[in-house]
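What the coordinates show
Each chain, letter by letter, is given below.
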Amino acid sequence: MSKIAMITGGTGGIGMETAKALGKQGYEIILNGIDSAQGEKALQTLADMGIKAELFLYDVTKEEEVLAGWEKIGAKYEKIDVLVNNAGGLGGRSRFEEMTTEFYRFVMALNLDSAFFNSRAAIPFLKKSENASIINFTSIAGWNSGGPGAGVYGTSKAAVTTLTRALAKDLAEYGIRVNAVSPGTIDTAFHDAIRKSKPEVFESWKNNILLKRLGQPQEVASVIEFLVSEKASFITGEIVQINGGQDFL
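Quick look at the structure, then. All of these numbers come straight from a predicted model, not from anything done at the bench.

1. A short note on the packing of aromatic side chains
Per the counting criterion, the structure on display carries 2 aromatic pairs. A ring pair is formed by Phe-116 and Phe-117, whose centres lie 5.7 Å apart and whose planes are at 50°; its orientation type is tilted. Using a relative accessible area of 11% as the deciding quantity, one classes Phe-117 as buried. The ring of Tyr-174 has Lys-127 sitting right over it, with the charged end atom 4.2 Å from the ring centre.

Here's what the structure looks like:
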């Protein structure tokens, strides 16, 4: 039976690189996203690489959509071997004094609720795998609380760290391992607004990284590839920093 990996927010950026990396290792890929055009483009890219993939469109922040999405997944797939909770984002910037409750709840839903909803839905399918893993995404912001206006983003990612460890404890009896990656500044579309509007600021970020360069999506995907493999069979509840030494400076 094929190995199956489900990647939320998997139609671009780090999620897409993870799909490529796992696909090369023989996984059949389930992609989640909200943009059908981007999703179809991602499927074609994977198909051109000889990787079998399918797209399920739903909003990871909305419980009812997640449940409906997983009902469709369950109708086709008997088990899941890997869940990568990649979906998330900054959501914008706001200082706490001016922050609306709506904005606060959106960012928490985008990063924390999404990981919880999808993990909960995936557990029955992961239990049927002989080498099951969940990979969550926290962030360097979960350790240093983020830059100005990104405080609630950092807060949500810190919560993902605790969720990861709690899930690892909760699921160990079923042989399901749960780990997280914690990227620093990775060169993806996540930073496009600053790259385009303030290129000098974007370039200056390298000065705050020990290795003096931004990370690449493939460098995060390769860590995920390791964590879900048999080579990491005794690793669970860990948060792997991928930041080029950014947290040292």
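The structure having been displayed, the exposition proceeds.
2. Points about the pattern of salt bridges
The tally for this structure, following the rule as stated, stands at 7 salt bridges. Residue Arg-213 is joined to Glu-219 by a salt bridge in which the shortest nitrogen-to-oxygen separation is 2.7 Å. Taking the relative accessible area as the measure of exposure, Glu-219 reaches 31% and is therefore partly exposed.

3. Notes on the pairing of strand β2 (residues 27–33)
Burial of β2 is extensive: 7 of the 7 residues sit out of reach of the surface. Here β2 shows a buried face lined by Tyr-27, Ile-29, Leu-31 and Gly-33 and a second buried face lined by Glu-28, Ile-30 and Asn-32. A crossover connection joins strand β1 (residues 3–7) to the parallel β2 through helix α1 (residues 13–24); in handedness this β-α-β unit is right-handed. In terms of handedness, the path from β2 via helix α2 (residues 36–48) over to strand β3 (residues 53–57) forms a crossover that is right-handed.

4. Focus: the nonpolar core
Among the nonpolar cores identified, the biggest contains 39 residues, and Met-6, Ile-30, Trp-70, Ile-73 and Ile-80 are the most heavily contacted of them. If you tally residues by element for this core, the top one is helix α4 (residues 101–126), at 11 residues. Apart from the residues within four sequence positions on either side, Trp-70 is in contact with Met-6, Tyr-58, Ile-80, Leu-83, Asn-118, Ala-121, Ala-122 and Phe-125. Listed in part, the 26 residues of the second largest apolar core include Ala-5, Leu-31, Leu-55 and Ile-224.

5. Observations concerning the side chain of Thr-18
Structurally, Thr-18 is set in helix α1. We classify Thr-18 as buried; its relative accessible area is 0%. Apart from residues lying up to four places away in sequence, Thr-18 is in contact with Ile-7, Val-84, Ala-221 and Ile-224.

6. Description of the sheet that holds β1
Ordered by their spatial adjacency, 7 strands build an open sheet running β3-β2-β1-β4-β5-β6-β7, and the pairing between neighbours is parallel. In this open sheet, the two edge strands, each paired with only one partner strand, are β3 and β7 (239–242). Put simply, the sheet's adjacent strands are angled 20° from each other on average, direction ignored. Pairing analysis gives 5 bridges linking strand β5 (residues 133–137) to strand β6 (residues 177–183), with the strands arranged parallel. Each bridged residue has a counterpart across the sheet, and for Ile-134 the counterpart in β6 is Val-178.

Rules used throughout
Residues numbered from 1 in each chain as written. Predicted model: local features only at pLDDT ≥ 70, side-chain atom pairs only at ≥ 80, totals over all residues. Heavy atoms only, no water. Phe/Tyr/Trp six-rings, centres within 6.5 Å; stacked < 30°, edge-to-face > 60°. Buried < 20%, exposed > 50% of the residue type's maximum accessible area, 1.4 Å probe, protein only. Lys NZ or Arg CZ within 6 Å of the ring centre and 35° of its normal. Salt bridge = Lys/Arg side-chain N within 4 Å of Asp/Glu carboxyl O. Helix = DSSP H or I, 4+ residues; strand = E, 2+ residues; numbered from the N terminus. Right-handed = clockwise from strand over helix to strand, strands pointing away. Core = buried A, V, L, I, M, F, W, Y, C linked by side-chain atoms within 4.5 Å. Contact = heavy atoms within 4.5 Å. Pairing = 2+ DSSP bridges. Axes fitted to C-alpha atoms, helices over the stretch in contact; angles between N-to-C directions.

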